[in-house]
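# Analysis of the macromolecular model
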Amino acid sequence: MLRRPALKKPSPPGPKDPVGVYCRVRPLGRPDQECCIEVINESTVQIHPPDGYRIFRNGEYRETQYSFKEVFGTLVAQKELFDVVAKPLVEDLIRGKNGLLFTYGVTGSGKTHTMTGSPGDGGLLPRCLAMIFNSIGPFQAKRFVFKLDDKNGVDVQCEVDALLERQKRDAMPVPKTPSGKRQIDPEFADMINVQDHCKVEEVDEDNVYSVFVSYIEIYNNYIYDLLEETPFDLIKPKPPQSKILREDQNHNMYVTGCTEVEVKSTEEAFEVFWKGQKKRRIANTQLNRESSRSHGVFIIKLAQAPLDADGDNVLQEKEQITLSQLSLVDLAGSERTNRTKAEGNRLREAGNINQSLMTLRTCIEVLRENQLYGTNKMVPYRDSKLTHLFKNYFDGEGKVRMIVCVNPKAEDYEESLQVMRFAEMTQEVEVARPVDRPLCGLTPGRRFRNQAFKEELAQKLEIRGGPIGGETEEQSASEILLQNFPPLPSCELLDINDDQTLPKLTEVLEERHKLRQKLSEEFAKNGNEVAGSVKFKREDEKVKYVDSLAVLTFKTILRELDSSVMSKENHFQGKLSEKEKIITGQKTELERLEKKIKTLEYKIEILEKTATIYEEDKRHLQQELESKSQKLQRQASDKRRLEARLQGMVAETTMKWEKECERRVAAKQLEMQNKLWVKDEKLKQLKAIVTEPKSEKPERPSRERDREKPIPRSVSPTPVPNAPPVRLRHRRSRSAGERWVDHKPPSNLPTDTVMQPHVPHAITVAAASEKALAKCDKYMLTHQELASDGEIETKLIKGDVFKTRGGGQAVQFTEIETLKQESPTGRKRRSSPSNADPPEDAADSEWTDVETRCSVAVEMRAGSALGPGYQHHAMPK
Ligand code: ADP
Ligand code: MG
């Protein structure tokens, strides 16, 4: 686990510091511009509305004052600002604490000037870099000793591994420019030329350090890596790929897959920044972006780990590494959309920019509210990438400082007011003070002891052997020679046509051999020189002396080497046992994992089986579904066919019925015409009766005969005068002896008068009976009703009985005879004509008489009754 201030929610208790808010007022662009901001003192600015905006209240001119931790006027130099605002952050960084510094303000207010600076007048960023390298310069780890992983963590490896990795990288086709031979870009050379060698005082010298930088841009709520190496395609330039944010195991936010470059000097670091800056500019031009709408985030990560007990190498323990970071943010212009006259795409982008700054504002507001009122409202960090990336800082992960930049010109008055209000509010937010990292348990001063030991050794060698080759280095000659040994190049042969690797290797080996020889020569020479200073009697004595001297020196060196080897061995032994422990731990872990794998495999098997079952089910169901849908389709088509058929039938039936109705209407019309004709006839006869009274009697028999003749059915709607329109049906011969149906409804009153008709051989019925009708050829209905004078009026409705074609009986009414009784005081009772005649005769004569005048046929089907509508009054005589 990485030793980092782990973040816990809610923010850790303990001392808190308010967000440090500083204000910087830039000079006016032109001296004739109207100014609306004045620096009152070192912590207060006064803002007053320009002429156009002047608001008068009670005749008074309204001015507002805003206070900040410190206010920097137009004459304040970059260095002064750096000393106050950024220096403490760099100190924190080196002590393993995080920091966030951002510049806030409208476009043109000097944010970039403050952060980056200009040639000859470097801003906070180059100054921070310079201070970092001034402080850790001599204690920097070799490249690749620290390795950042892709999960926001860091690892450490021994120097030999780091050396191998370096060699590997150097052997790569496009080697990274070694820091020594750097060609500084003249464009920024002036910016990093920070004269003052400010540095952190108490740097832990028993630590080794490495600096990593990354540079990202947040535009339109997308994160872009400005250091990403993308092959440039002239024909079809690829749009930059956006990155995503992740949370590491300590709940710190980081940009995934972001390039992090290990840098060893201010120049190198600033060069990396400048490269990103160029890329940003190019992207903005190519994609037609508004540069003031993007947030630039430069992140400096500092990895540090203690030296081992010998003070010689980095301690190979991941837990001992501290990774701190300083984020320098040049925010987008805080102006509102309407000010920028943005259109279309730009407007949308502007909206988003405002959105992320708005989210920043909201987050700060909520934080402030939570802290002021003890509420626990959720801070909407996730609403924008900007706030999401920095949420840890606000949640107590380091110092937060903000520089509010303002341009005092009148045009910016309203926006500046907004900026001031936000800045003032931000000051009320408190952030937990980062805790000091625990000190490493090893005794301090290891580095110096090690250095002193090395120096001592060299001195000893020097005393014994004197300066080698006239060199007056602190290091021993052998060490220097050893260091001068050229590193072995890569020996990997990847290509058969490779004709460079082997010659190179040979060359290096030859060089090494030469050096070795030189070393041994040097050594022998030293021995000789020492021997030369002693006088010998004999040459062989001298040789002996030289030999013994050499042996002695060798012995001393060997002893020293032995002791160093011993200490190393002990160290490695300890490490070995440690590693063994780790290995056993890993073995048990492996076993556990194997078991887990087995259970998981078993689970997978079961799940696979279940899946096959489900698949089978699915297939079945699909088949079923298909068959059902086919069935449904069939049914639908059947239904459609049926519908069509039914429609046909309906149409047919409708036609049939229409025809039938027409036919019936025609029949009814004919019938009505007949009735009309009968009425006409009756009227005519009435007229005749009225005009020629009692002169027609002898005529009657002949009329009856006429009636007996078949009369052709009239086709024309206008009836032929004197001809019945209805075809008369066959009637039983009267001479054969008529039989009567005497229909007397039960409601009739027995009058028992002389006028009571008596019909011999009649079948008397109370209701119309088909049976009776079948036996007779005459029909008579006796109907009684109350006349207007109160007397009972009896009506005899008579008719002929016919057999119908359908097998039923029909009655054709021929006459209605009215019998009425009158009191002697009143009119003489009218009765049927020829009172002296027997009723049968009378009736007969009446019928024959009336028959010609009234011929209405009513067909009576079996079971049907006569309706009252068919009662007719016989014409009174
Ligand atoms: P921003 O990044 O806020 O849009 P810049 O930093 O680009 O604004 O500033 C706009 C211009 O004003 C630049 O030309 C810059 O040199 C100048 N400027 C800003 N602040 C200062 C200052 N304090 N002193 C001198 N010039 C400044
Ligand atoms: Mg800018």
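From a predicted model like this one, the values you see are computed outputs, not experimental measurements.

Parameters and conventions
Residues numbered from 1 in each chain as written. Chains lettered and ligands numbered in written order. Predicted model: local features only at pLDDT ≥ 70, side-chain atom pairs only at ≥ 80, totals over all residues. Heavy atoms only, no water. Helix = DSSP H or I, 4+ residues; strand = E, 2+ residues; numbered from the N terminus. Buried < 20%, exposed > 50% of the residue type's maximum accessible area, 1.4 Å probe, protein only. Contact = heavy atoms within 4.5 Å. Areas by Shrake-Rupley, 256 points an atom, 1.4 Å probe, with all protein chains shown as cover. pLDDT = per-residue confidence, 0-100. Pairing = 2+ DSSP bridges. Phe/Tyr/Trp six-rings, centres within 6.5 Å; stacked < 30°, edge-to-face > 60°. Lys NZ or Arg CZ within 6 Å of the ring centre and 35° of its normal. Near = heavy atom within 4 Å. Nonpolar A, V, L, I, M, F, W, Y, C, P; charged D, E, K, R; others polar. Axes fitted to C-alpha atoms, helices over the stretch in contact; angles between N-to-C directions. Parallel < 35°, antiparallel > 145°, perpendicular 65-115°, else oblique. Left-handed = near helix turned anticlockwise from the far one by under 90°.

## Describing the overall build of the protein chain
- Each helix and strand counted, the protein chain has 18 helices and 29 strands in total.
- Here the protein chain holds 877 residues, and the buried ones make up 38% of them.
- Contacts in the protein chain between residues far apart in sequence, at least 24 positions, make up 71% of those at least 6 positions apart.
- Element-wise, carbon and sulfur atoms account for 55% of the exposed surface of the protein chain, whose accessible area totals about 52300 Å².

## Considering the confidence of the model for the protein chain
- Per-chain confidence: the protein chain averages 78 in pLDDT, with 73% of residues scoring 70 or above.
- Predicted confidence for residues 1-11 stays below pLDDT 50, and this span has 36 contacts to residues more than four positions away or in other chains.
- This model gives residues 695-735 a pLDDT under 50, and the stretch forms 59 contacts once residues within four places in sequence are excluded.

## What about the environment of Phe422?
- Along the chain, Phe422 turns up in helix H11 (residues 413-426).
- Under the relative-accessibility criterion, Phe422 is labelled buried at 3%.
- Spatially, the C-alpha atoms of Phe422 and Tyr104 are 9.8 Å apart, while their sequence positions differ by 318 residues.
- Leave out the neighbours within four places in its chain, and Phe422 touches Tyr104, Leu360, Arg361, Ile364 and Met402.

## Digging into the pairing of strand S28 (residues 809-820)
- With 11 of 12 residues buried, S28 is to be regarded as a mostly interior element.
- Bridge analysis of strand S27 (residues 792-803) against S28 gives 11 bridges, and the strand direction is antiparallel. Note that in S28 the partner of Gly799 across the bridge is Phe813.
- Hairpin connection of S27 to S28: 5 residues between the antiparallel strands, including Gly807 at a positive phi of 95°.

## Concerning the packing of aromatic side chains
- In this structure the tally under the stated criterion is 11 aromatic pairs.
- Centre to centre, the rings of Tyr104 and Phe422 are 4.6 Å apart; their planes meet at 45°, and the pair counts as tilted. Of this pair, Tyr104 sits in strand S9 (residues 99-104) while Phe422 sits in helix H11, and the two are 318 residues apart along the sequence.
- Clustering of aromatic rings is evident, with ring pairs tying together Tyr215, Phe270, Phe273, Trp274 and Phe298.
- Taking the ring centre of Trp274 as reference, the NZ or CZ of Arg281 above it sits at 5.9 Å.

## A closer look at the site of ligand 1
- Taken together, Arg24, Arg26, Pro27, Val106, Thr107, Gly108, Ser109, Gly110, Lys111, Thr112 and His113 form the complete shell of residues around ligand 1.
- When residues in the shell around ligand 1 are grouped by element, the largest group, 3 residues, is from helix H2 (residues 111-115).
- Across the shell around ligand 1, the residue classes break down as 2 nonpolar, 6 polar and 3 charged.

## Structural notes on the packing of helix H3 (residues 124-136) against helix H6 (residues 266-286)
- Contact geometry of H3 with H6 gives a least axis separation of 9 Å together with a crossing angle of 150°. Considering the angle they form, H3 stands roughly antiparallel to H6. Handedness of the H3/H6 crossing: right-handed. The segment H3 lies against H6, with Leu125, Pro126, Leu129, Ala130 and Phe133 engaging Thr266, Ala269, Phe270 and Phe273.
- The residue makeup of the contact of H3 with H6, split by class, is 8 nonpolar, 1 polar and no charged.

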